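These are the residues of each chain, in order.
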Amino acid sequence: MNLRHSSPHPLAGQVVTVAPVAQLHGFPDATPLQFKVEDWNDRVFGGQWWGAMDGNPVALSYAMRSAVGGLPTDNEVVYGHVGGRGHLVHVSEIQGGDES
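Residues numbered from 1 in each chain as written. Predicted model: local features only at pLDDT ≥ 70, side-chain atom pairs only at ≥ 80, totals over all residues. Heavy atoms only, no water.

### Quick word on the pattern of salt bridges
Here comes step 1: The tally for this structure, following the rule as stated, stands at 3 salt bridges.
Here comes step 2: Across the pair arginine 4 and glutamate 76 runs a salt bridge, and its minimum N-O distance is 3.0 Å. Of this pair, arginine 4 sits in the segment before β1 (15–18) while glutamate 76 sits in the loop between α2 (57–69) and β3 (77–82), and the two are 72 residues apart along the sequence.
Here comes step 3: On the basis of relative accessible area, glutamate 76 is assigned to the buried category, the value being 10%.
Here comes step 4: Taking the shortest distance from any N to any O, the salt bridge between arginine 43 and aspartate 39 comes out at 2.8 Å.
Here comes step 5: Assessed through its relative accessible area of 27%, arginine 43 is described here as partly exposed. (Salt bridge = Lys/Arg side-chain N within 4 Å of Asp/Glu carboxyl O. Helix = DSSP H or I, 4+ residues; strand = E, 2+ residues; numbered from the N terminus. Buried < 20%, exposed > 50% of the residue type's maximum accessible area, 1.4 Å probe, protein only.)

### What to know about the pairing of strand β2 (residues 33–40)
Here comes step 1: Where β1 lies against β2, 4 bridges are found, and the strand directions are antiparallel. Across the sheet, valine 15 pairs through a bridge with lysine 36, a residue of β2.
Here comes step 2: As judged from the 4 bridges shared by β2 and β3, these two strands associate in the antiparallel manner. Paired with lysine 36 across the two strands is histidine 81, which belongs to β3. (Pairing = 2+ DSSP bridges.)

### What to know about the environment of arginine 85
Here comes step 1: With respect to the helices, strands and loops of the structure, arginine 85 is situated in strand β4 (residues 85–90).
Here comes step 2: For arginine 85, a relative accessible area of 41% gives the class partly exposed.
Here comes step 3: In this structure the C-alpha to C-alpha distance between arginine 85 and phenylalanine 35, which are 50 residues apart in sequence, comes to 9.8 Å.
Here comes step 4: Non-local contacts of arginine 85, meaning those with residues more than four positions away in its chain, are made with His25, Gly26, Phe27 and Gly80. (Contact = heavy atoms within 4.5 Å.)

### Regarding the sheet that holds β3
Here comes step 1: Within the open sheet, the 4 strands sit side by side as β1-β2-β3-β4. Their pairing is antiparallel. For this open sheet the edge positions go to β1 and β4, each flanked by a neighbour on one side alone. Neighbour to neighbour, the strand axes of the sheet diverge by 50° on average, direction disregarded.
Here comes step 2: In the sheet, β3 pairs with β4 via 6 bridges, with the strands oriented antiparallel. Within β4, the residue paired with valine 78 across the bridge is valine 89.
Here comes step 3: Contacting β3 and β4, α2 runs over the sheet at an angle of about 40° to β4. (Axes fitted to C-alpha atoms, helices over the stretch in contact; angles between N-to-C directions.)

This is the structure:
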């Protein structure tokens, strides 16, 4: 496993507010949401960059959101949950700053 992030995200396990630049799948608009950060995407998914997770619905949804919202294509992406649904969120969408 080749992790880009060798240690957990500083907000892992915490609930934060995200302001999605494009709506999260299953939510009607891009209003701020409460998001429970699990960890960096590559740490959750066995070292995989989100762009290489072929067929993964969470990664596909993020790819569409990133294209619509103009998100960076880097791997500064965390996995977490909103209302029990898993999502990928770029650190720039976390309110309060860039937590990389």
